[in-house]
Each structure stands twice: as C-alpha cells, then as structure tokens.
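# Coordinate analysis (summary)
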Amino acid sequence: AVDILISVVVLDFAIYWQHVLVHRVPFLWRFHIVHHSDLDLDVSSGLRFHPVEIVASMLIKVCLVLAIGAPVLAVVLFEVILNGTSLFNHANLKIPPLLERTIRAVLVTPDMHRVHHSVAAAEHNSNFGFNLSLWDRLFGSYRAQPAAGHQDMTIGLTAFRDPQQQTLGQLLLQPFAAEQRA
C-alpha cells in the first residue's frame, strides 16, 4: 500500500513538471496550444490534447514507471485518477466557496484550474497541477484568482480566437501554424 501511495504521488509530481515544461519549452508548447486554444472551458477540454502531446506524455510516464519500479496497481490507479481529475478540473462546475477553499487546500479544483486557461499569459502560466494543489504552492506557480475575476476572464489564446480554427483538422494543424503567440 505504501509503494502504491508513493508511486501515485511521484507520478503526480512528474505530471506537474511535465505540464510546466510543455508551457516553457517552445517546441512542446506548439502542441499544448491545442489544449489551451479551447474558447469554452468544460469537461471536453480535459480530453483535448494533440496526439503528439499524448504520445510524448505516454513515453515520459512509461520511462518514469520503469525508473521507479511502480507497481502495476499504482500505474492503473494513477491513470484513472489523472483522467478523472482532468475531467473534473476542466468541468464548468460552481462549488460553494467554503467547500471550494477546503478542497483546494489539497486538490486542484475547477476554479483553481480555470485560472490556468486564462488568455493572460501570467495566468495560463500558473496552476499547473492536475491532482494535488501542493506542487503549485510549493514551487510558486499558484495563483488563487484571475485578475479580472472568473466572470470577466477570457478563456483561450489570443492567436486562436476564430471558431474556424476549432475544427478537428485545424486543431491538428495548430502546432504547425506560423502564429504561435501565448
């Protein structure tokens, strides 16, 4: 049980840093923009990733699992948790403020992650965690609220506001577009 818990936490820590890297490394960012160019944040945003990013993430996780010798059950649990929290974090949910603050003390909530999808670069370069909110607090990437407030915050990226850029074909081509602003 201890090996499983440690493995899940280590994998979550690695996913936090992977998420930081896809924001900071220009080549990786080109593929991650597919996720951030969504104009409406909802549960489907938690599934919206470029196939190249999905394969890269899978390879990173496989290497880490092999390096730490994670038990199979830990890997399965982590993937279930990661996919579930990705859907939860991107859901358009309104949690009562007291409950939201209580949950956010440990876990990433939809309000916390919504800040990460702001069009403002300083905001979308924050709140990288998927499961534990600890990593953002520990490494200084935590942002409690968007500057404009949740009601007035714009979701997406400035370079990809045209709804015609949101088709499957265009999303697959986004990483190769000339315009790659944050």
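Read on for a plain summary of the structure. Counting from 1, residues in each chain are numbered in the order their sequence is written. Where totals are concerned, whole chains, interfaces and linings use all residues; where local detail is concerned, this predicted model gives features only for residues with pLDDT of at least 70, and gives and counts side-chain atom pairs only at 80 or more. The basis for every side-chain value is the complete set of non-hydrogen atoms in the structure, without hydrogens or water.

Secondary structure elements follow DSSP: runs of H or I of four or more residues count as helices, runs of E of two or more count as strands, with numbering from the N terminus. Within the chain one finds ten helices and zero strands. Counting helices and strands in the order they occur from the N terminus, the chain gives α-α-α-α-α-α-α-α-α-α. Over its C-alpha trace the chain gives a radius of gyration of 16 Å, about what one expects of a compact globule, namely 16 Å for 182 residues. Each principal axis of the C-alpha distribution contributes one length, and for the chain these read about 50 × 40 × 25 Å. The buried share of the chain, taken over its 182 residues, is 42%. Residues count as neighbours in contact if any of their non-hydrogen atoms are within 4.5 Å of one another. When contacts within the chain are restricted to residue pairs at least 6 apart in sequence, those whose partners lie at least 24 apart make up 64%. When the accessible surface of the chain is split by element, carbon and sulfur atoms take 71% of a total near 9400 Å². Each radius of gyration is computed over the set of C-alpha atoms, and the globule rule expresses the reference value as 2.2 Å times the number of residues to the power 0.38. Between buried and exposed lies partly exposed: a residue is buried under 20% and exposed over 50% of the maximum accessible area for its type, with that area taken using a 1.4 Å probe on protein chains only. Per-residue and other accessible areas follow the Shrake-Rupley method at a 1.4 Å probe size, with only the shown protein chains counted as cover for residues.

Remark: nonpolar core denotes a set of buried residues (Ala, Val, Leu, Ile, Met, Phe, Trp, Tyr, Cys) joined through side-chain atoms within 4.5 Å. Within the largest apolar cluster, ten residues are counted, these being V8, L11, I15, L64, V65, A70, A74, F78, L82 and F130. Listed by contribution, the elements that provide at least two residues to this core are α1 (2–24), α3 (51–68) and α4 (72–90). Non-local contacts of I15, meaning those with residues more than four positions away in its chain, are made with S57, K61, F78, L82 and F130.

Right, let's get into the environment of V106. Inspection of the secondary structure puts V106 in the loop between α5 (97–104) and α6 (110–116). Remark: the alpha-carbon pair of V106 and N131, spanning 25 residues in sequence, is separated by 8.4 Å. V106 has contacts with N131, L132, S133 and L134, leaving out every residue within four places of it along the chain.

Turning next to the pattern of salt bridges. Salt bridge, as used here, is a side-chain nitrogen of Lys or Arg placed within 4 Å of a carboxyl oxygen of Asp or Glu. Counting across every chain of the model gives four salt bridges. Notably, a salt bridge pairs D38 with R48, separated by 3.4 Å at the nearest N-O pair. In this pair, D38 is assigned in the loop between α2 (26–36) and α3 and R48 in the loop between α2 and α3, connecting sequence segments ten residues apart. Residue D38 shares its accessibility class with R48, and that shared class is buried. Close ionic contact of K61 with E79 constitutes a salt bridge, the shortest N to O distance being 2.9 Å. Residue K61 is located in helix α3, and its partner E79 is located in helix α4; the two are separated by 18 residues in the primary sequence.

The contact between α1 and α2 brings their axes to 6 Å, and the two run at 105°. In terms of orientation, α1 and α2 fall into the roughly perpendicular class. Contacts between α1 and α2 involve H19, L21, V22, H23 and R24 from the first element and P26, L28, W29, H32 and H36 from the second. Residue polarity follows a fixed list, in which Ala, Val, Leu, Ile, Met, Phe, Trp, Tyr, Cys and Pro are nonpolar, Asp, Glu, Lys and Arg are charged, and the others, Gly among them, are polar. Here the residues of the contact of α1 with α2 sort into five nonpolar, four polar and one charged. Lines fitted to the C-alpha atoms define the axes, with helices restricted to the stretch that makes contact. Angles between their N-to-C directions range from 0 to 180 degrees. In what follows, roughly perpendicular refers to angles from 65 to 115 degrees, roughly parallel to angles under 35, roughly antiparallel to angles over 145, and oblique to any angle outside these ranges.

So, about a nonpolar patch on the surface. Each patch is built from salt-bridge-free residues with over 30% relative accessible area, joining like charges within 9 Å and nonpolar side chains (Val, Leu, Ile, Met, Phe, Trp, Tyr) within 5 Å. There is a patch of nonpolar side chains on the surface, built from F13, W17, L134, L138 and F139 and spanning about 440 Å² of accessible area. Contributing elements (two or more residues each) for the nonpolar patch: α1 and α8 (134–138). Tracing the backbone through its elements, the reader meets F13 in helix α1. Residue F13 is classed as partly exposed on the basis of its relative accessible area of 31%.

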